[in-house]
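As a plain string of letters, each chain reads:
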Amino acid sequence: MDVLQLARWQFGITTVYHFLMVPLTIGLSVLVAGMQTAWVRTGEQRYYKMTKFWGKLLLVNFAMGVVTGIVQEFQFGMNWNAYSRFVGDVFGAPLAMEGLVAFFVESTFLGLWIFGWDRLPKKVHLACAWAFSLATIASAYFILAANSWMQHPVGAEIVDGKPTLNSIWAVLTNNTALAAIPHTIAGAFSVAAAFLVGIAAWHLWRKRKTDDEHRAVWRSSIRLGGWTGIVAFAVLAITGDVQGKLMFEQQPMKMASAEALCHTEQPASFSIIAIGDVTSENCEDVKTFNVPALLSFLAHSDFTTEVKGVQDLVTEYQARYGTNYPDDPALGELAGKPIDYVPNLPVTYWGFRIMIGFGAISAGTGLLALWLTRKNKIPDTKWFPRLALLSIATPFIANSAGWIFTEMGRQPFVVVPNPSGVDGVWMFTAQAVSRISTGEVWTSLIALTTLYAVLGVVEVFLIRKYVRGGIEGVIPPKKTDHDQEGKDELAFAY
């Protein structure tokens, strides 16, 4: 593999790995703040125990997310310095805001929350929990604003051959970002919801035949997770529809590749599943099961809109952006070669369906959990906790598939041209890579992948340890000393 391929593999591996932690942190932080709010308002011990238990798991995940996230911004300088030089004036602004504003607030109030038990007034301590959780959302907002600018560049003009920021407000209110943010946050809540349902269902089943004093904790957690998962999936469907319509306008090739739509159709059918080689140019050997006119509706809210196919779009892209890469030695083997404007169709086609399918499975498990725990019932079948535990993985898979589709669907561009924007504010991925050797990229790729694998083992070990420890593992037993009789112990087992 050449430098470009290796750099893309490294960025993909580290980014997908990091994003396994991010949605759980975002979703769980808000839910934990909600649990603590319920405890402060009602005084019920089940909410206090829920806050302690799920808060402990949140902290483990957040710590790993910070460690794995550090590499992400460094990679722009390591493997993508040509990209950094080209878009740094614009792209650096939201990243700086994320680091200096959102992450600073996150870290400060998380520290106050961790060490503030028994030291801060209850309501002040609760405010710290909410400040931390809202800061995680703000952090996601700035990151998504930066990413959305790559998908749909706005608020910039070309000065001396480079994009220069002329409106940070335009970047932060980019319609692509405003659609991506609620979609991503809803995905985060679906991850946290499945996490609650799976672990709580296992604990309920584990002590189903004993008098478990914490049964109300696990049942409440299942109910919270179930409702959260259903609402999150509804928001995902609505915001996904908005994103689809924006994709039709801004990145028609991505929409065509999501359907492996070789030829223009009017009206266009939505492919549920394809049998055969979706990379075939003529599509004769591909059999699809379609819903007539549905793709036209997803594209433009009617059942008659024309949706352009891959082959017609290639001709348009070649006329607008050229047929060959520039004859620049910095492009290596691609210098002067024909530009392939078609993304990896198997990845985009199946990634899109994996995203939808696994997201639906997660929501279905939440609905099943609500049904089995209705009217104070406790599930006593072995298959349900096993299903719930396995379903924890489904929203993680859906989130990862969605991001892989989003990023690979815009190839060969690292900054996608804005059809109604300023000419020249776009960049081929092949032009963005650093001038380094394959040996250097191999070294960092192997080192970081190995490090991330070790960190993965550590996280699984810690999560498993505290999950198996249950409530007793995070709340010390009450003291029997007469001075402490009847009082609550409010210290984390840190």
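Residues numbered from 1 in each chain as written. Predicted model: local features only at pLDDT ≥ 70, side-chain atom pairs only at ≥ 80, totals over all residues. Heavy atoms only, no water.

**Student:** Explain the overall build of the chain to me, and be specific about the residues and the numbers.
**Tutor:** In terms of helices and strands, the chain carries 15 helices and six strands. Relative to the globule expectation of 23 Å for 494 residues, the C-alpha radius of gyration of the chain, 25 Å, shows essentially globular dimensions. Projecting the C-alpha coordinates of the chain onto the three principal axes gives extents of approximately 85 × 45 × 40 Å. Relative to its 494 residues, the chain shows a buried fraction of 50%. Taking contacts inside the chain between residues at least 6 apart in sequence as the whole, the part at least 24 apart equals 76%. Looking at charge distribution, the chain has the averaged site of its 38 positive side-chain charges lying 15 Å from that of its 39 negative ones. (Helix = DSSP H or I, 4+ residues; strand = E, 2+ residues; numbered from the N terminus. Rg over C-alpha atoms; globule rule 2.2 N^0.38 Å. Buried < 20%, exposed > 50% of the residue type's maximum accessible area, 1.4 Å probe, protein only. Contact = heavy atoms within 4.5 Å. Lys, Arg positive; Asp, Glu negative; His and termini not counted. Charge placed at Lys NZ, Arg CZ, Asp CG, Glu CD.)

**Student:** Please provide a residue-by-residue account of the side chain of Gln250, values included.
**Tutor:** With respect to the helices and strands, the residue Gln250 is situated in helix 7 (residues 215-250). Owing to a relative accessible area of 8%, Gln250 belongs among the buried residues under this scheme. Once residues within four sequence positions are removed from consideration, Gln250 is found in contact with His152, Asn175, Thr176, Pro417 and Pro419.

**Student:** Quick one: what's the story with the pairing of strand 1 (residues 156-159), residue by residue and with numbers?
**Tutor:** As paired strands, strand 1 and strand 2 (residues 162-165) are joined by four bridges and run antiparallel to one another. If you follow Ala156 over to strand 2, its bridge partner there is Leu165. What sits between the antiparallel neighbours strand 1 and strand 2 is a turn of two residues, in which Asp160 has the positive phi angle 55°. (Pairing = 2+ DSSP bridges.)

**Student:** I'd like a description of the pattern of salt bridges, backed by residues and values.
**Tutor:** Counted by the stated rule, this structure contains five salt bridges. With a closest N to O distance of 2.5 Å, Lys308 and Glu316 form a salt bridge. Assessed through its relative accessible area of 31%, Glu316 is described here as partly exposed. Across the pair Glu407 and Arg410 runs a salt bridge, and its minimum N-O distance is 2.3 Å. The residues Glu407 and Arg410 share a single accessibility class, namely buried. (Salt bridge = Lys/Arg side-chain N within 4 Å of Asp/Glu carboxyl O.)

**Student:** Describe in detail a nonpolar patch on the surface, supporting the description with residues and values.
**Tutor:** Nonpolar side chains collect at one region of the surface, where Ile272, Ile273, Ile275, Phe289, Val291, Trp350, Ile354 and Ile397 lie side by side and expose about 670 Å² of accessible area between them. If you list the elements that add at least two residues to the nonpolar patch, you get strand 3 (270-275), strand 4 (287-291) and helix 11 (345-372). Looking at which element gives the most residues to the nonpolar patch, the answer is strand 3, with three residues. Within the secondary structure, Trp350 is located in helix 11. (Patch = residues over 30% accessible without salt bridge, like charges linked within 9 Å, V, L, I, M, F, W, Y side chains within 5 Å. Areas by Shrake-Rupley, 256 points an atom, 1.4 Å probe, with all protein chains shown as cover.)

**Student:** Can you tell me about the environment of Ile463, naming the residues and giving the values?
**Tutor:** Residue position: Ile463 is located in helix 15 (residues 438-469). Considering only alpha carbons, one finds Ile463 and Leu57, 406 residues apart in sequence, at a separation of 6.3 Å. When residues no more than four places from it in sequence are discounted, the contact partners of Ile463 are Leu57, Val60 and Phe195.

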